[in-house]
Amino acid sequence: MAFVVSGGQLQLTGPSPLSTYQSLPSSVAAPWEYAAIWRAQPQVRTVVSFLARNIAQLGLHTFRRVSDTDRERVTDHELVRMLAEPLPRLTTYRLVERLVSDLALYDQAYWVKVTVDGRRGLLPVPPTLIRPADGNWIAPDHFETAGGQEFGVDEVVYFHGYAPEDLRSGASPIDALRALLLEEQESTKQRAAMWRSGARMTGVLSRPIDAEPWSAEAKRRFQVMWRTFAQGGGGEGGTPILEDGMVYTPIAINPQQAQYIESRKLTREEVAAAYHIPPPLVGILDHATYSNITEQHKILYQDTLGPWLTMVQQEIHTQLLPDLPDNADVYVEFNIAEKMRGSFEEQAVAASTATGRPWMTVNEQRARFNLPQIDGGDSLITPMNVTEGGLASPRDTAPDPADAAPKARGLALVKSSRPSELGQFAAEQEAFARSMTRWTQAQADRLLTTAGAKADGVPNLLQMWAAGHEDRLAQLEALLSEHGYRLAQVGAWEVLGAWNPEAEGWSADVMLAWILAAAQTHAEQHEEAGRKAVAAVQEEGGDAWREQLTNATAAWVTASQIRAATAATELRSFGGHDAASASGLLKKIWVTGGKNPRPSHKAQNGEAVSLDDVFSNGLRWPGDGQGKTEELVNCNCTLDYARGD
């Protein structure tokens, strides 16, 4: 049942008599004013920009509620246009980025409702230039700007957080962090002073009691010498020579005692905690593993950013939408659907389970490999276990519980053996490298021929390159997928042969989705490397462009051999890792290989971690494409596995 409470009745819940609220004038900008803190403190800027960018890139969608179980996307409403272009040349991203940044810094944010050229718009106003004025602790009477202009309550969309004393404003988290940030600033000043003094800390110089008395000239000479090693003297970092048995005694905290690195890390952790952000998401990786980082990314848009999204959506609905026509049952939502989706493999499994049958035809899959269509390949194949077995999904097998063995990924338990046509790793890797080199050389020759047939002068090489882009990408993905599937199986059977000879619970087909994604990534990277080489020749120009183009394409061909070696290691490692997971193995062990391994790889020889974790160099396995490039190229390391008991 609806009810109404008058303003007078609400005022009785406050102090008596209730005085009129008067906003305090803004203080003179000081070094620790919020904007100055944001500019000077990298930890605050990191956390605030993390919030603002991750929310702003979502985008706002407008919907109309049709019924309790149905809604429709609205694209022609006034609210859609206002949010898409709040002001001329102002985007939704910038509007939301500003909004979240203001809220994070000041716990207040303002949009003024304006009309520009007869169109409704929104003007974001910095909280330092506008404030609520008069009224009481429940609501302000109006808003006023630094220039003396006043806006009615219905002319401003006012966002704010929580403050204990009233309902009209928030309290910035920076206030709670002020002492910590001040300490960080002072330690930064000390570090700067130390480096200006040639990395020497403050200390005392003492002379022996029995030393000869200093003459005024000797004392002056020593002072001049000593100052050359201090700030701006020119000898910073050098070694002064002391006289007469003098002793230098430091009297300040040294860098190790000050724990500079630890204190900076602590500052970022405290700032992240104030904004409820898990430390690994802002670069604090001390206790991060592949598993927990993956989980934290999953909850980012639920627990960390969810409250922010809900607050903004509701304020728009309450303060902005009532002013617009045709607003019945209209509301906005941030588009988090793309961010909440699983990996390609997870989506493929979910789609198959949800539809009760495979969701791609044979010809659709063959097209991905650049293969011709076949007769009868345009219809979905429904497995017999669904049509006759009565199961809900082709992934179900419903084995007898008494006979069922543990399954790593919910697949049908199968028994198979190593394909006879599958070679050993060295042979498969060599075949892969030959194919990559031959294909790349053919593309380079084609470009050289096309460019050489043009008139005198440097032709538009980038236009020629772009003309064959789609075909090259499709061909390269097919080549990479074909060899990748074989190399992944080689790696898998290296593990299965030792731990699970009958391959129970494992299927090579499960790896296909990952292999296709990896092939696409490598194809795009190799294509981009070729484009950059051509672009460099185009930019250089000159009469020697043919020779430069020949050298550039030759370098691209050489790079294809390196990419093939790196990709082969990655695919072999992935296949072994997949087989280890299906075989119930719980630990993986890094085995350093090659004649001249990297120091980081050599140092971690024998390092053991759980199957879902990463090694100390940040890789899940040798050649892991998610790692740093310097850890991947021409890596010859492998993995061993253990049950973990």
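Values in this document were obtained by computation on a predicted structure and should not be read as measured data. (Residues numbered from 1 in each chain as written. Predicted model: local features only at pLDDT ≥ 70, side-chain atom pairs only at ≥ 80, totals over all residues. Heavy atoms only, no water.)

(A) Molecular detail of the sheet that holds strand S13 (residues 608-610). The sheet built from three strands is open, its strands ordered S13-S12-S14 with antiparallel pairing. At either end of the open sheet lies a strand with only one pairing partner, and these are S13 and strand S14 (638-642). Across the sheet, the axes of successive neighbouring strands diverge by a mean angle of 30°, strand direction being ignored. Bridge count for strand S12 (residues 587-591) against S13 is three bridges, and the pairing is antiparallel. Bridged to Lys-587 within S13 is Ser-610. Sheet strands in contact with helix H20 (residues 545-582) are S12 and S14, and its direction is about 5° off that of S14. (Pairing = 2+ DSSP bridges. Helix = DSSP H or I, 4+ residues; strand = E, 2+ residues; numbered from the N terminus. Axes fitted to C-alpha atoms, helices over the stretch in contact; angles between N-to-C directions. Contact = heavy atoms within 4.5 Å.)

(B) Representation of the nonpolar core in the model. In this structure, Phe-432, Leu-461, Trp-506 and Leu-549 are the most contacted members of the largest nonpolar core, which totals 57 residues. At the level of elements, helix H16 (425-452), helix H17 (461-467), helix H18 (469-499), helix H19 (512-540), H20 and S14 are the ones that each hand at least two residues to this core. Residue contributions to this core peak at twelve residues, all from H20. Val-47, Leu-105, Val-157 and Leu-305 belong to the second largest nonpolar core, which has 51 residues in total. (Core = buried A, V, L, I, M, F, W, Y, C linked by side-chain atoms within 4.5 Å. Buried < 20%, exposed > 50% of the residue type's maximum accessible area, 1.4 Å probe, protein only.)

(C) Focus on the packing of aromatic side chains. Applying the stated criterion across every chain yields a total of 14 aromatic pairs. Look at Tyr-34 and Tyr-106: their rings are 5.4 Å apart centre to centre, the planes differ by 80°, and that puts the pair in the edge-to-face class. Placement of the pair is Tyr-34 in helix H2 (residues 34-40) and Tyr-106 in helix H5 (residues 92-106), with a sequence separation of 72 residues. Judged by its relative accessible area of 12%, Tyr-106 is buried. Look at Trp-514 and Phe-574: their rings are 3.8 Å apart centre to centre, the planes differ by 10°, and that puts the pair in the stacked class. Residue Trp-514 is found in helix H19, and its partner Phe-574 is found in helix H20; the two are separated by 60 residues along the sequence. Pair check on accessibility: Trp-514 and Phe-574 agree, each one buried. By the ring-pair criterion, three or more aromatic residues cluster together here, those being Tyr-110, Phe-143 and Tyr-158. It is Arg-472 that lies over the ring of Trp-465; its NZ or CZ is 3.9 Å from the centre. (Phe/Tyr/Trp six-rings, centres within 6.5 Å; stacked < 30°, edge-to-face > 60°. Lys NZ or Arg CZ within 6 Å of the ring centre and 35° of its normal.)

(D) Structural view of the state of the cysteines. For the structure shown, the criterion picks out zero disulfides. Summary of cysteine pairing: Cys-637 is not part of a disulfide, and the nearest cysteine sulfur, belonging to Cys-635, is at 3.8 Å. (Disulfide = S-S within 2.5 Å.)

(E) Quick look at the environment of Gly-423. Mapped onto the elements, Gly-423 comes out in the loop between helix H15 (384-387) and H16. Along the chain, Gly-423 and Leu-487 lie 64 residues apart, while their C-alpha atoms are 9.0 Å from each other. Residues within four places of Gly-423 in sequence aside, it is in contact with Arg-418, Glu-428, Arg-486 and Val-490.

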